[in-house]
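Here is how the chains run, residue by residue.
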Amino acid sequence: DTAVSQTPKYLVTQMGNDKSIKCEQNLGHDTMYWYKQDSKKFLKIMFSYNNKELIINETVPNRFSPKSPDKAHLNLHINSLELGDSAVYFCASSQPRTSSGNTIYFGEGSWLTVV
Amino acid sequence: LAKTTQPISMDSYEGQEVNITCSHNNIATNDYITWYQQFPSQGPRFIIQGYKTKVTNEVASLFIPADRKSSTLSLPRVSLSDTAVYYCLVGGSNSGYALNFGKGTSLLVTP
C-alpha cells in the first residue's frame, strides 16, 4: 500500500543519455513535488505541480522537464545527463491546508549515478 | 519564508531523552512548525506538527513557547533506530509552505 512510489530505485547511466523517473501517489493529493538531495545532503525543491499545473520551478536546468499526465502522477525527464546530475531524486505529494499547514509525503527515492 | 536554524549534529546514548531545538525568529502568524525524520537511503518522514504550546504523539513531543520563535522536538528514551537526520520546517498558507529542508540535525544514538 505504498503512498508515493517512484521508479526506478537505482539508475546508472552514461553522460549525455536521456532518462526518466516515474512517480505515482495514491493519497488523493492535489500537489506533487520533485526534490533533489545531493552528496552534501541538502534536500532542495525542484518542481511543484498542483492539479497538473506547474506552480514552482526553482533554478533548475531546462534539461529537467517534469510532466504531469494527471494529478496522481508526476514524472521527471532528464535530457543530456551530466556528472553533476548524480543525486537522489525524491518524489513527494501533499495536500496543503490553511488550517493545518503542509505535510509532505515522500517516496523512497531514485538513486541516479551518471558515469 | 521563515528561516530555521538547528544544530548540525547531536549525539546521545540509548535510553536518554533527546531534545533538538530549532530557531525560527521570523515565523509568521499563520505558519506551522513541522518536523521530519530521514533515515539513510529513505525519504523524509513526517514526525509531528504544531502551531503553539505542546503537541504529543506516539513518536515525539513538540514544545513551542508563547513567542513561537523556536521549537523543541523531544524524543523520549531514544534507541539505536532513532539515529537519523531531523529537519525542522516552518511555513503556512500566507508565507508560502516551507519546501526546502536544509541540512537538518544528524542524531547519532550509541549503546
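Here the structure is a predicted model, which is why all the values come from computation and not from measurement.

A. Layout of the overall build of chain B. Counting its secondary structure elements, chain B contains 0 helices and 9 strands. Traced from its N-terminal end to its C-terminal end, chain B shows the element sequence β-β-β-β-β-β-β-β-β. In terms of overall dimensions, chain B is globule-like: its C-alpha atoms have a radius of gyration of 13 Å, near the 13 Å expected for 111 residues. Along the longest, intermediate and shortest principal axes, the C-alpha atoms of chain B span 45 × 30 × 20 Å. Across the 111 residues of chain B, 46% fall into the buried class. Sequence-distant contacts in chain B: of pairs separated by 6 or more residues, those separated by 24 or more amount to 55%. Within chain B, one finds 8 positive and 7 negative side-chain charges whose respective centroids are separated by 8 Å.

B. Structural context of the packing of aromatic side chains. In total, this model carries 13 aromatic pairs over all chains according to the counting rule given. Judged by centre distance (5.4 Å) and plane angle (85°), the ring pair of Phe 106 of chain A and Phe 101 of chain B falls under edge-to-face. Of this pair, Phe 106 of chain A sits in strand 10 (residues 104–106) while Phe 101 of chain B sits in the loop between strand 8 (84–91) and strand 9 (105–110), on two different chains. In this structure Phe 101 of chain B comes out as buried when scored by relative accessible area, which is 3%. One aromatic cluster is present, formed by Tyr 10, Tyr 33, Tyr 35, Phe 90, Phe 106 and Trp 111 of chain A together with Tyr 36, Phe 46, Tyr 87 and Phe 101 of chain B through successive ring pairs. Cation over ring: Lys 44 of chain A sits above Phe 42 of chain A, and NZ or CZ is 5.7 Å from the ring centre. For the cation-ring pair, Arg 68 of chain B lies above Tyr 51 of chain B, with the distance from its terminal atom to the ring centre recorded as 4.0 Å.

Rules and cut-offs
- Residues numbered from 1 in each chain as written.
- Chains lettered and ligands numbered in written order.
- Predicted model: local features only at pLDDT ≥ 70, side-chain atom pairs only at ≥ 80, totals over all residues.
- Heavy atoms only, no water.
- Helix = DSSP H or I, 4+ residues; strand = E, 2+ residues; numbered from the N terminus.
- Rg over C-alpha atoms; globule rule 2.2 N^0.38 Å.
- Buried < 20%, exposed > 50% of the residue type's maximum accessible area, 1.4 Å probe, protein only.
- Contact = heavy atoms within 4.5 Å.
- Lys, Arg positive; Asp, Glu negative; His and termini not counted.
- Charge placed at Lys NZ, Arg CZ, Asp CG, Glu CD.
- Phe/Tyr/Trp six-rings, centres within 6.5 Å; stacked < 30°, edge-to-face > 60°.
- Lys NZ or Arg CZ within 6 Å of the ring centre and 35° of its normal.

Fair warning: the whole summary comes from geometry, so function is off the table for now.
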